[in-house]
Amino acid sequence: MEKVTIVTGGSRGIGAATCLRLARDGHRVVVGYRSAAGAAHGVVDAVAALGGRAIAVRADTAVEDDVVELFDAAAERLGPVTGLVNNAGIASTLGRLADVKADELRRVMDVNVIGAFLCARQAARVMTRGGAIVNVSSTAATLGSPGNYIHYAASKAAVDALTLGLAKELAADGIRVNGVAPGFVDTEIHEQTGDPDRAANVVSRIPVGRLGTPDEIADAIAWLLSPAASYATGATLRVAGGL
Ligand code: NAP
């Protein structure tokens, strides 16, 4: 059976690196994106340059109809879906909870929690021949991110609960569900924090003394999707340089 894997938020950062890594493993890849059409098509071209097959599909993962259409497009154009990387996510401006606006709380929960649940639900509906799901969490889920964005940390704790519960719910259907919890990775997401020195400011807290690269996270995701991880389900793998 062909491996057909949807990567949400595949246009840049960890998602884009994962698309290329999976293409090298022989997956047909759906590059999901919300707004960056040019970047998503650039990832499709890069997959083609590797000899792989990919398509770009616009879908806001927080919108139910978009998610259904994303999975429909994948099945119609590449074949039955066998994999999902639930990667699309947003950060937030840094600050204390006392100062967070309700709209910002709702947006983070909408994308990071509702979006991840809608995608996982659709995968559970269509993976009738088995498959694998990897949810992208964060070390924030277990650190709490005090003074930065407790709501983002809480949204990723919800993703961890999704991983645990859905793994048990789908085990008998031959669908494995795991998570990867990155620490600080060198991507554009940190621009959303409003701190231009975010990367430099966090390095001193990382035991290995540097940010992670998107490729280092992609390798972990690819392993969890692969047959080499056939007995792993319900696990969230921390890839965080000791954080
Ligand atoms: P990034 O560079 O900002 O990329 C985010 C991707 O998600 C983009 O492709 C973006 O699409 C997409 N996206 C955002 N909101 C979306 C929505 N509502 N619907 C569909 N796509 C959406 O972020 P990243 O650093 O690679 O992060 C990827 C995942 O890793 C996130 O879940 C993040 O929370 C998690 N993570 C990152 C770090 C880190 O340090 N970088 C650490 C821990 C966890 P468009 O470009 O089209 O808008």
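The preceding data block contains the structure.
Only a predicted model underlies this, so the values are computations on that prediction, with no experimental measurement involved.

We now examine empty space enclosed by the protein. One pass over the structure, following the stated rule, counts 1 cavity of 30 Å³ or more. In this structure, the largest cavity spans a volume of roughly 30 Å³. If you go around the largest cavity, the residues you meet are Thr8, Thr61, Asn86, Ala88, Val111, Gly115, Ala116 and Cys119. Per-element tally for the lining of the largest cavity: the top contributor is helix α4 (residues 102–126), with 4 residues.

Around the ligand, 33 residues are found, and the nearest of them are Ser11, Arg12, Tyr152, Val185 and Thr187. For the ligand, an oxygen atom lies 2.4 Å from a polar atom in the side chain of Arg12. A distance of 2.9 Å is found between a nitrogen atom of the ligand and a side-chain nitrogen or oxygen belonging to Asp60. With the chains in place, 98% of the 900 Å² that the ligand exposes on its own is no longer accessible. For the shell around the ligand, the secondary structure elements donating two or more residues are α1 (13–24), α4 and α6 (150–170). Residues of the shell around the ligand, tallied by class, amount to 13 nonpolar, 14 polar and 6 charged.

A word on the sheet that holds strand β2 (residues 28–33). Pairing is parallel across the open sheet formed by 7 strands, whose spatial order is β3-β2-β1-β4-β5-β6-β7. The two strands at the open ends of the sheet, each matched to only one other strand, are β3 (54–58) and β7 (236–239). The sheet shows a mean angle of 20° between the axes of neighbouring strands, taken without regard to direction. One ladder, built from 6 bridges, connects strand β5 (residues 131–136) with strand β6 (residues 175–182); its direction is parallel. Residue pairing in the sheet places Asn135 in a bridge with Gly179 of β6. In the packing of helix α8 (residues 214–225) onto the sheet, contacts are made with β1 (4–7), β4 (83–86), β5, β6 and β7, and the angle to β6 comes to roughly 165°.

Within the secondary structure, Asn112 sits in helix α4. Residue contacts for Asn112: discarding those within four places in its chain leaves Gly89, Ile90, Tyr152, Ser155, Lys156 and Val159.

What follows concerns the pairing of β5. Among the 6 residues in β5, 6 count as buried, and that is most of the element. Burial along β5 is two-sided: the residues Gly131, Ile133 and Asn135 and Ala132, Val134 and Val136 are all buried. Viewed along the sheet, the connection from β4 through α4 into β5 turns out right-handed.

What follows is about the layout of surface pockets. For the largest pocket, the calculated volume is near 870 Å³. In this structure, the largest pocket is lined by 45 residues; those nearest its centre are Gly89, Ile90, Ala91, Tyr152 and Ile189. Listing elements by their share of the lining of the largest pocket, those giving two or more residues are α1, α4, α5 (140–143) and α6. Sorting elements by how many residues they give to the lining of the largest pocket places α1 first, with 3 residues. Its volume calculated, the second largest pocket comes out at about 310 Å³.

What follows concerns the pairing of β3. By the criterion of burial, β3 is predominantly enclosed, with 4 of the 5 residues buried. With 5 bridges connecting them, β2 and β3 associate as parallel partners. Within the sheet, the bridge partner assigned to Tyr33 lies in β3 and is Arg58. Following the chain from β2 across helix α2 (residues 37–49) to the adjacent parallel β3, one finds a crossover that is right-handed.

Below, the discussion takes up the nonpolar core. Counting residues in hydrophobic clusters, the biggest one holds 29 residues, and the most contacted among them are Leu22, Val29, Val31, Val85, Val180, Ile221 and Leu225. Of all the elements in the fold, those that place two or more residues in this core are α1, β2, α2, β3, β5 and α8. The biggest single contributor to this core is α8, with 6 residues. Counting residues in each nonpolar core, the second largest holds 28 residues, with Val30, Leu78, Leu84 and Val159 among its members.

Calculation criteria
- Residues numbered from 1 in each chain as written.
- Predicted model: local features only at pLDDT ≥ 70, side-chain atom pairs only at ≥ 80, totals over all residues.
- Heavy atoms only, no water.
- 1 Å grid on protein atoms, 1.4 Å probe; cavity = no way out; pocket = protein on both sides within 12 Å on 5 of 7 lines; lining within 4 Å.
- Points joined across faces, edges and corners; volume = space filled by probe spheres on them.
- Helix = DSSP H or I, 4+ residues; strand = E, 2+ residues; numbered from the N terminus.
- Near = heavy atom within 4 Å.
- Polar contact = N/O pair within 3.5 Å; in protein donor to acceptor, adjacent residues only side chain to side chain.
- Areas by Shrake-Rupley, 256 points an atom, 1.4 Å probe, with all protein chains shown as cover.
- Nonpolar A, V, L, I, M, F, W, Y, C, P; charged D, E, K, R; others polar.
- Pairing = 2+ DSSP bridges.
- Axes fitted to C-alpha atoms, helices over the stretch in contact; angles between N-to-C directions.
- Contact = heavy atoms within 4.5 Å.
- Buried < 20%, exposed > 50% of the residue type's maximum accessible area, 1.4 Å probe, protein only.
- Right-handed = clockwise from strand over helix to strand, strands pointing away.
- Core = buried A, V, L, I, M, F, W, Y, C linked by side-chain atoms within 4.5 Å.

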